[in-house]
Amino acid sequence: MGRVVCPENILEEIPADILLRKVIEKKKDGQRLVQICASYVGGKYELSYSFSKDSTYQLTTLRIVIDPETEVPSITEIIPHAFFHENEMKELFGVKVIGINVDYKDKLYRIKEETPFIPKEKEGE
Amino acid sequence: MAKKRSVIPFGPQHPVLPEPIHLDLMVEDEKVIKAIPSIGFIHRGLESLVRKKDYNEMVYVAERTCGICSFMHGMGYCESVEHIMGVEVPVRARYLRTVWCEMSRIHSHLLWLGLLADGFGFESLFYQCWRIRERILDMVELTTGGRLISSVNKVGGVIRDIEPDMQTAILHAVKEIEKELRVVQKTFMNDYSVESRLKGVGVLTKKEVLELGCTGPFARASGANFDMRVRGYGAYADLDFDPIISPVGDSYARCDVRIQEIFQSIDLIRQALGQLPDGDLSVPVKGNPDGEYFMRVEQPRGEAVYYVRASGKKNLDRLRIRTPTFANLPGLCKTLEGADYADIPLLILTIDPCISCTER
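Residues numbered from 1 in each chain as written. Chains lettered and ligands numbered in written order. Predicted model: local features only at pLDDT ≥ 70, side-chain atom pairs only at ≥ 80, totals over all residues.

1. Regarding the overall build of chain A
Then comes step 1: For chain A, the helix and strand inventory stands at three helices and six strands.
Then comes step 2: What you see in chain A, going N to C, is helices and strands ordered as β-α-β-β-β-β-α-β-α.
Then comes step 3: A buried classification covers 39% of the 125 residues belonging to chain A.
Then comes step 4: A sequence separation of at least 24 residues applies to 54% of the contacts in chain A between residues at least 6 apart. (Helix = DSSP H or I, 4+ residues; strand = E, 2+ residues; numbered from the N terminus. Buried ≥ 20, exposed ≤ 12 C-beta atoms within 10 Å, placed from the backbone. Contact = placed C-beta atoms within 7 Å.)

In structure tokens:
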């Protein structure tokens, strides 16, 4: 009886220029990419890359904060399946992700409305 | 003779697809070389509603992300907000949530088993699975008032109790389900026609599922040993269970793992009801959330991640739901590579796709 109770999530804010190096470290450590999330906070993008170490259920999130015009390198060279996450944040949030291995050119979601919704929607509030 | 290459569109409308997804299949004669998925036919923009709705009202939006995973979407959202606000949910509420979670898993897996049987043309098996499923849906209706959208979660606990007579009815229902599922299990696992469609088809290794970020029964059927319930949310920390895994990695193993998980859910319901503590159903919640949290729960299709960010206002700044199907689509594409065209519908089913969840 009694199970592992999850350790607290770890949030690590890093400069954007070391993102790829940190992602490689995570991959070498056997961690699984769980999700990539874009948020628009205070006129900047917060990009959160979460990794799970499944032997301990530890979730670590690498966070970069960038200006809307800043280009972000795709991590699909390191983690190929990240293309869904990256296409989503590129299309819906307008994050300038460069070099996605499978680039849907803002047509991952087949919706009629013009994308991205952010930051246009925020400015309209 | 040179092999002929062509691109065949699959979906968004297809008999095996309850929900729309499109795949461009590059085939060489009858073999698939590459599959490129497209989604977005039912994107509703649910996440963006957080900026307009009160965080308490968002529970109902989160529950409507998907009909099948409805309860767990509501619970995952509530637990995220509760964590940010430091709300200690009553123990009884945590147990009740766990019981409803496992009832959801049973009806989802039985739904999938029926669809799989329908996919390989075994109509009577399809009927049997869905007939058994009715029993658990009746229990969901008895305890929550709804058969799919239960709306019993709230930030701070739950709004309905499972009374002693309901507990008796649930225990009787799961006993019947267990008995009937054993019969169905024999057909799924021993019938030669089922074996011929599933064994050795769509194999993914443990290394591949981990590299592709797969999750849930789809990953566990290839030997990946993780199940978010082990994290101990709800009442899972008090219950005795181990993730069900198979080292084989084919479609047959995915079927086996899900059947075993139904038996496991029955056991977890018995354990939870057997030690259900007395107490309140919820605690009052005051103020507004301020902070952020990543919550992970094990839905029937695998790990779902709820990211909630708030800044002390009535509405949240951001809600992001990373659903299990979203994580399993790259694995599906890999599974399709090298497959016979005739196996494509079944292989798509074996990830148990939920497109409503995926597109939100």
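2. Digging into the sheet that holds strand 8 (residues 318-322) of chain B
Residue and element names in this part refer to chain B.
Then comes step 1: Reading across the sheet, the three strands line up as 6-7-8 and stay open at both edges, with antiparallel pairing between neighbours. Single-partner strands in this sheet number two, and they are strand 6 (290-299) and strand 8. Averaged over all adjacent pairs, the angle separating strand axes in this sheet is 10°, with direction ignored.
Then comes step 2: Inspection of the sheet shows strand 7 (residues 302-311) paired to strand 8 by five bridges, in the antiparallel sense. Looking at strand 8, one finds that arginine 309 is bridged to arginine 318.
Then comes step 3: The sheet contacts of helix 10 (residues 324-336) involve strand 6, strand 7 and strand 8, and relative to strand 7 the element is tilted by about 130°. (Pairing = 2+ DSSP bridges. Axes fitted to C-alpha atoms, helices over the stretch in contact; angles between N-to-C directions.)

3. Some details on the pairing of strand 2 (residues 22-28) of chain B
Successive side chains on a regular strand alternate, one facing one side of the sheet and the next facing the other.
Residue and element names in this part refer to chain B.
Then comes step 1: The pairing of strand 1 (residues 5-10) with strand 2 spans six bridges and is antiparallel. Note that in strand 2 the partner of valine 7 across the bridge is methionine 26.
Then comes step 2: Pairing analysis gives seven bridges linking strand 2 to strand 3 (residues 31-38), with the strands arranged antiparallel. Note on strand 3: the bridge partner recorded for leucine 25 is alanine 35.
Then comes step 3: Linkage of strand 2 to strand 3, two consecutive antiparallel strands, is achieved through a turn of two residues, within which aspartate 29 is found at a positive phi near 55°.

4. Some remarks on the environment of proline 247 of chain B
Then comes step 1: Note that proline 247 of chain B resides in the loop between helix 8 (216-220) and helix 9 (251-274).
Then comes step 2: Residues proline 247 of chain B and threonine 205 of chain B lie 42 residues apart in sequence; the distance between their C-alpha atoms is 8.2 Å.

5. So, the interface of chain B and chain A
Then comes step 1: Facing the 28 residues of chain B at the interface are 26 residues of chain A.
Then comes step 2: For the side of chain B that touches chain A, the secondary-structure elements that each account for two or more residues are strand 6, strand 7, strand 8 and helix 10 of chain B.

6. Brief notes about the nonpolar core
A general tendency of soluble globular proteins is for nonpolar side chains to be buried together.
Residues and elements named next belong to chain B.
Then comes step 1: One finds Met58, Val99, Ile269 and Val308 to be the most contacted residues of the largest nonpolar core, which totals 139 residues.
Then comes step 2: The leading source of residues in this core is helix 3 (residues 91-119), at 13 residues.
Then comes step 3: With near-sequence residues (within four places) excluded, isoleucine 269 lies in contact with Val99, Glu102, Met103, Ile170 and Val174. (Core = buried A, V, L, I, M, F, W, Y, C linked by C-beta atoms within 7 Å.)

7. Quick look at the confidence of the model for chain A
Then comes step 1: Of all residues in chain A, 88% have pLDDT values of 70 or greater, and the mean over the chain is 84.
Then comes step 2: Confidence, expressed as mean pLDDT per element, reaches its minimum in chain A at helix 3 (residues 120-124) of chain A with 54 and its maximum at helix 1 (residues 19-28) of chain A with 93. (pLDDT = per-residue confidence, 0-100.)

8. Quick look at the packing of helix 2 (residues 70-85) of chain B against helix 3 of chain B
Residues and elements named next belong to chain B.
Then comes step 1: Two elements in contact, helix 2 and helix 3, have axes whose closest approach is 8 Å; the angle formed by their N-to-C orientations is 145°. Seen along the crossing, helix 2 lies across helix 3 with a hand that is left-handed. Contacts between helix 2 and helix 3 involve Phe71, Met72 and Met75 from the first element and Arg97, Trp100, Cys101 and Ser104 from the second.
Then comes step 2: Its residues assigned to classes, the contact of helix 2 with helix 3 shows five nonpolar, one polar and one charged. (Left-handed = near helix turned anticlockwise from the far one by under 90°. Nonpolar A, V, L, I, M, F, W, Y, C, P; charged D, E, K, R; others polar.)

9. What to know about the sheet that holds strand 2 of chain B
Residue and element names in this part refer to chain B.
Then comes step 1: The strand order 1-2-3 describes an open sheet built from three strands, whose pairing is antiparallel. Each having just a single partner strand, strand 1 and strand 3 make up the two edges of the open sheet. Across the sheet, the axes of successive neighbouring strands diverge by a mean angle of 20°, strand direction being ignored.

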